[in-house]
Amino acid sequence: MVVVMQPQATEEQKEHVRETIHTLDCKSRDIQGDAITIICVIGNTLALTPEQFEILPGVDQVQRIQKPFKLVSREVQPHKTSFKVGDVTIGGNEITIISGPCSVESREQFRTAALAVKASGARIVRGGAFKPRTSPYSFQGLGEEGLKIMAEISEEIGLPTISEVMEPEMVPMVSEYIDILQIGARNMQNYPLLNAIGHSHRPAMLKRGLSATIEEMLLAAEYILAGGNHNVILCERGIRTFETWTRNTLDISAVPVLQKVTHLPVFIDPSHGTGYADYVAPVSRAAVAVGADGLMIEMHPTPERALSDGEQSLTPEALSALIPELRRVAQAVNRVIV
Ligand code: PEP
Ligand code: MN
């Protein structure tokens, strides 16, 4: 249920609505639009009636939200979410390119990669330090040491960072070093992790689970917003199908479907989405054309020597060649890649 306040509602009237919500054993969350405030009622709202709020001073109207997800829904917030990470705007008219290696392997490797990311025109650098690997014998990442490397290099070259966090207990530590917290596909429904990131001050990127429906993804994002963190990016990274010629099947239609129902920015990961470097450029062009708000592309200085996901990683040269192409596609759909 959402309580839409009148444009001229006073702060006291809004506070009175919030207090009423709290006395009914629910939580309140404000969505601040340009002119009006919407106060969401979170909790078991089935026993409540709109009239309980409609009679309060300053209230314009009360709506029941029909969809199972609420805070992520466009019914609650019609305008697109946009926020800044450093000087990069996410979710605006700009399309944001994130790139970097699957894993941070050494200071030298990450620095070389980050410099190539910067030179290519991509705005945010990625790197995995805690890696969810299918086999326990595969490289598991450098852990906190990897994050330290990322923070140092980010400071040196001036690009914000994104890295995966796998456990709720690790959210504060990863947040000390990293600008955007990535929730990997395997953890999309790790609810303690979603709750912990909901209480974090860092923006988050939620990747679609290997077999997750769009509704499950939206409900996972709802956990983060319900915790108070509204700066969430959704990332389509391919789902499991019977097809074996690509690593996953990238659901390109997830972009317009998600954008219809949610105000959150929607990104595409063409690297995990296809699994092969040869397919990354064509699928990236499609992602921009379909209206994605950003892309996350794996790139490695020497893909053939990468400790993880080398097969799907672009070389620095391929990334630098791709971004001008993406700029042209962006222009054709009235978007910009700066
Ligand atoms: C990654 O981004 O390196 C990663 C592990 O992605 P996903 O969680 O989508 O598999
Ligand atoms: Mn990877």
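Residues numbered from 1 in each chain as written. Chains lettered and ligands numbered in written order. Predicted model: local features only at pLDDT ≥ 70, side-chain atom pairs only at ≥ 80, totals over all residues. Heavy atoms only, no water.

Chemist: Whenever I open this one, the site of ligand 1 confuses me. Can you help?
Modeler: What surrounds ligand 1 is the set Cys102, Arg126, Lys131, Glu164, Gln182, Gly184, Ala185, Arg186, Lys207, Arg237, His272 and Glu298. At a separation of 3.0 Å, an oxygen atom of ligand 1 approaches a polar side-chain atom of Lys131. A majority-of-atoms criterion places ligand 1 in the largest pocket. When grouped by side-chain class, the residues that make up the shell around ligand 1 number two nonpolar, three polar and seven charged. (Near = heavy atom within 4 Å. Polar contact = N/O pair within 3.5 Å; in protein donor to acceptor, adjacent residues only side chain to side chain. 1 Å grid on protein atoms, 1.4 Å probe; cavity = no way out; pocket = protein on both sides within 12 Å on 5 of 7 lines; lining within 4 Å. Sits in = over half its atoms within 2 Å of the grid points. Nonpolar A, V, L, I, M, F, W, Y, C, P; charged D, E, K, R; others polar.)

Chemist: Just checking my understanding: could you explain the side chain of Glu164 for this structure?
Modeler: The residue Glu164 is located in strand β9 (residues 161–164) in this model. It turns out Glu164 is buried and unbridged, and the closest side chain with the opposite charge, Lys131, is 5.1 Å from it. Within the structure, the side chain of Glu164 is placed 3.5 Å from the backbone nitrogen of Gly184, a separation counted as a polar contact. When residues no more than four places from it in sequence are discounted, the contact partners of Glu164 are Phe130, Pro132, Gln182, Gly184 and Asn187. (Helix = DSSP H or I, 4+ residues; strand = E, 2+ residues; numbered from the N terminus. Buried < 20%, exposed > 50% of the residue type's maximum accessible area, 1.4 Å probe, protein only. Lys, Arg positive; Asp, Glu negative; His and termini not counted. Salt bridge = Lys/Arg side-chain N within 4 Å of Asp/Glu carboxyl O. Contact = heavy atoms within 4.5 Å.)

Chemist: Sorry if this is basic, but what is going on with the packing of aromatic side chains here?
Modeler: The way to describe two aromatic rings as a pair is by their centre distance and the angle between their planes. Under the criterion given, the structure shown has two aromatic pairs. With a centroid separation of 5.9 Å and an interplanar angle of 75°, the aromatic rings of Tyr276 and Tyr279 are classed as edge-to-face. (Phe/Tyr/Trp six-rings, centres within 6.5 Å; stacked < 30°, edge-to-face > 60°.)

Chemist: Is there a simple way to think about the coordination of the manganese ion (ligand 2) in this case?
Modeler: Geometry sets the ideal angles at a metal, namely 109.5 degrees for four tetrahedral donors and 90 or 180 degrees for six octahedral donors. Taken together, the protein donors to the manganese ion (ligand 2) comprise Cys102 (SG), His272 (NE2), Glu298 (OE) and Asp309 (OD), at separations of 2.1 to 2.4 Å. The sequence motif formed by the donor residues of the manganese ion (ligand 2) is C-x169-H-x25-E-x10-D. Within this pair, whereas His272 is found in helix α9 (residues 270–274), its partner Asp309 is found in the loop between β14 (294–298) and α11 (316–332), the two being separated by 37 residues in sequence. Asp309 gets classed as buried once you look at its relative accessible area, which sits at 18%. (Donors = N, O, S within 2.8 Å, 3.2 Å for Na, K, Ca; no water.)

Chemist: I tried to follow unusual backbone geometry on my own but got confused; where do I start?
Modeler: Negative phi values dominate among residues other than glycine, just as trans dominates among peptide bonds. Positive phi outside glycine occurs at Asp25, with the angle close to 65°. Following the sequence through the fold, Asp25 ends up in the loop between α1 (11–23) and β2 (27–32). Residues other than glycine seldom take positive phi values, yet Asn334 does so here, at roughly 60°. Within the secondary structure layout, Asn334 lies in the segment after α11. Exposure remark for Asn334: the relative accessible area of 64% places this residue in the exposed category.

Chemist: Whenever I open this one, the packing of helix α3 (residues 107–120) against α11 confuses me. Can you help?
Modeler: A pair of packed helices is captured by two measures, namely the crossing angle of their axes and the spacing between those axes. Across the interface, α3 lies against α11 with an axial gap of 9 Å and an inter-helix angle of 20°. The angle between the axes of α3 and α11 places the two elements in the roughly parallel class. When you trace α3 past α11, the crossing you get is right-handed. Across the interface between the two elements, Ala116, Val117 and Ser120 of α3 pack against Pro316, Leu319, Ser320 and Ile323 of α11. By residue class, the composition of the contact of α3 with α11 is five nonpolar, two polar and no charged. (Axes fitted to C-alpha atoms, helices over the stretch in contact; angles between N-to-C directions. Parallel < 35°, antiparallel > 145°, perpendicular 65-115°, else oblique. Left-handed = near helix turned anticlockwise from the far one by under 90°.)

Chemist: Just checking my understanding: could you explain the domain arrangement of the protein for this structure?
Modeler: Buried accessible area, meaning the area lost when the parts come together, often serves as the stated size of an interface. Under the domain assignment, the protein is made up of domain 1 (2–63) and domain 2 (83–332). Using C-alpha coordinates to define each centre, domain 1 is positioned 36 Å away from domain 2. (Domains from an automatic or database assignment.)

Chemist: Any chance you could explain the pattern of salt bridges here in plain terms?
Modeler: Pairing between side chains of opposite charge can happen when the charged atoms of each approach one another. Across all of its chains, the model carries 17 salt bridges by this definition. Across the salt bridge formed by Arg335 and Asp293, the nearest N and O atoms sit 2.8 Å from each other. Residue Arg335 is found in the segment after α11, and its partner Asp293 is found in the loop between α10 (277–290) and β14; the two are separated by 42 residues along the sequence. An identical accessibility class is assigned to Arg335 and Asp293; each is buried. Because the salt bridges share partners, they merge into one network encompassing Glu11, Glu15, Arg18 and Asp30.

Chemist: Can you help me understand the environment of Gln77 in this one?
Modeler: With respect to the secondary-structure elements, Gln77 resides in the loop between β4 (59–63) and β5 (83–85). For Gln77, a relative accessible area of 7% gives the class buried. Residues Gln77 and Glu152 lie 75 residues apart in sequence; the distance between their C-alpha atoms is 37 Å. Dropping the residues within four chain positions of it, Gln77 is found in contact with Ile31 and His263. Here the side chain of Gln77 touches His263 through a polar contact of 3.5 Å, side chain to side chain.

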